[in-house]
Amino acid sequence: MAIRTIIRDTDDFLRKKSREVTVFDKRLHTLLDDMADTMHAANGVGLAAVQVGTLRRAVVIDVGDEDGVIELINPVIIETSEEEQTDAEGCLSFPGQYGMVTRPMHVKAQAQNRHGDLIEVEGSGLKARALCHETDHLDGMLFVDLVEEVLERDDEDDE
Ligand code: CO
């Protein structure tokens, strides 16, 4: 387990599309362990592999609920509620930067776990927001693309 460097917003690497994971080996497991460590060390609720410089479709999420760390490999959002939520959103690659983003209130994602087994994960509120945000990262989409209102930058935070 190790903490990796998080790529910042100034790097075009975050715009690259990640590749499907087809090998579920020890290297993937190390990546996932390191991603969880890196996310926790940065007090984040989600992290995509592209943010630590690896173009693989892998994300980790931990919104602090009873599920703990959720690992999603090759995630796809398969259901979204009509009901929406608009709330402040940020990203570990954009320290101190927040904006209002509208997301579905509830989403269901299909993915694989670290062993390649199919799994489904559902979430509401913050968890739905994290599922959308992290899945977007895999296609080079960033929350700043969706911000409706920029909130005041707080440089004391997250730096
Ligand atoms: Co992000």
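The structure contained in this document is the topic of the report that follows. (Residues numbered from 1 in each chain as written. Predicted model: local features only at pLDDT ≥ 70, side-chain atom pairs only at ≥ 80, totals over all residues. Heavy atoms only, no water.)

Counting secondary structure elements, the protein contains two helices and eight strands. Listing the helices and strands of the protein from first to last along the sequence gives α-β-β-β-β-β-β-β-α-β. Relative to the 2.2 N^0.38 estimate, which gives 15 Å for 159 residues, the radius of gyration of the protein is 15 Å and therefore close to what a compact globule would have. Once the C-alpha set of the protein is aligned to its principal axes, its extents read approximately 45 × 35 × 30 Å. Taking all 159 residues of the protein together, 48% fall into the buried category. Of all intrachain contacts in the protein linking residues separated by at least 6 positions in sequence, the fraction that spans at least 24 positions is 67%. When the accessible area of the protein is evaluated, it comes to approximately 8200 Å², of which 45% is carbon and sulfur surface. (Helix = DSSP H or I, 4+ residues; strand = E, 2+ residues; numbered from the N terminus. Rg over C-alpha atoms; globule rule 2.2 N^0.38 Å. Buried < 20%, exposed > 50% of the residue type's maximum accessible area, 1.4 Å probe, protein only. Contact = heavy atoms within 4.5 Å. Areas by Shrake-Rupley, 256 points an atom, 1.4 Å probe, with all protein chains shown as cover.)

On inspection of all chains with the given rule, the structure shows 13 salt bridges. Taking the shortest distance from any N to any O, the salt bridge between E89 and R129 comes out at 2.5 Å. In this pair, E89 is assigned in strand 4 (residues 84-89) and R129 in helix 2 (residues 126-137), connecting sequence segments 40 residues apart. Taking the relative accessible area as the measure of exposure, E89 reaches 3% and is therefore buried. One salt-bridge network, in which partners are shared between bridges, spans E89, R103, R129 and D136. (Salt bridge = Lys/Arg side-chain N within 4 Å of Asp/Glu carboxyl O.)

Structurally, the position occupied by M105 is in the loop between strand 5 (99-104) and strand 6 (106-112). Look at M105 and you get partly exposed, because its relative accessible area is 25%. Taking the C-alpha atoms as reference points, M105 and Q85, separated by 20 residues in sequence, lie 5.2 Å from one another. In this structure M105 touches S81, E83, E84, Q85, G123, S124, G125 and A128, once residues within four positions along its chain are discounted.

Moving on: unusual backbone geometry. The backbone of N43 shows a phi angle near 55°, a positive value even though the residue is not glycine. Along the chain, N43 turns up in the loop between helix 1 (26-41) and strand 1 (46-48). The class for N43 is exposed, based on a relative accessible area of 69%. Look at N74: it is not a glycine, yet its phi comes out positive at around 50°. In this structure, N74 sits in strand 3 (residues 70-80).

Working definition: the strands of a sheet are paired by backbone hydrogen bonds and lie parallel or antiparallel to each other. Overall, antiparallel pairing links the three strands, which are arranged 4-5-8 in an open sheet. Among the strands making up the open sheet, the edge pair consists of strand 4 and strand 8 (149-150). Note that strand 4 and strand 5 share six bridges and pair antiparallel. The partner of T86 across the bridge, within strand 5, is T102. (Pairing = 2+ DSSP bridges.)

Spatially, the five strands line up as an open sheet ordered 1-2-3-6-7, and their pairing is antiparallel. For this open sheet the edge positions go to strand 1 and strand 7 (118-124), each flanked by a neighbour on one side alone. Strand after strand, the sheet turns through a mean of 40° between neighbouring axes, direction not considered. Summarising the sheet, strand 1 and strand 2 (residues 58-61) pair through three bridges and their orientation is antiparallel. Paired with G46 across the bridge in strand 2 is I61. On the sheet, helix 1 packs against strand 1, strand 2 and strand 3 and is oriented at approximately 40° with respect to strand 2. Where helix 2 meets the sheet, it contacts strand 1, strand 2, strand 3, strand 6 and strand 7, and its direction lies at approximately 125° from that of strand 7. (Axes fitted to C-alpha atoms, helices over the stretch in contact; angles between N-to-C directions.)

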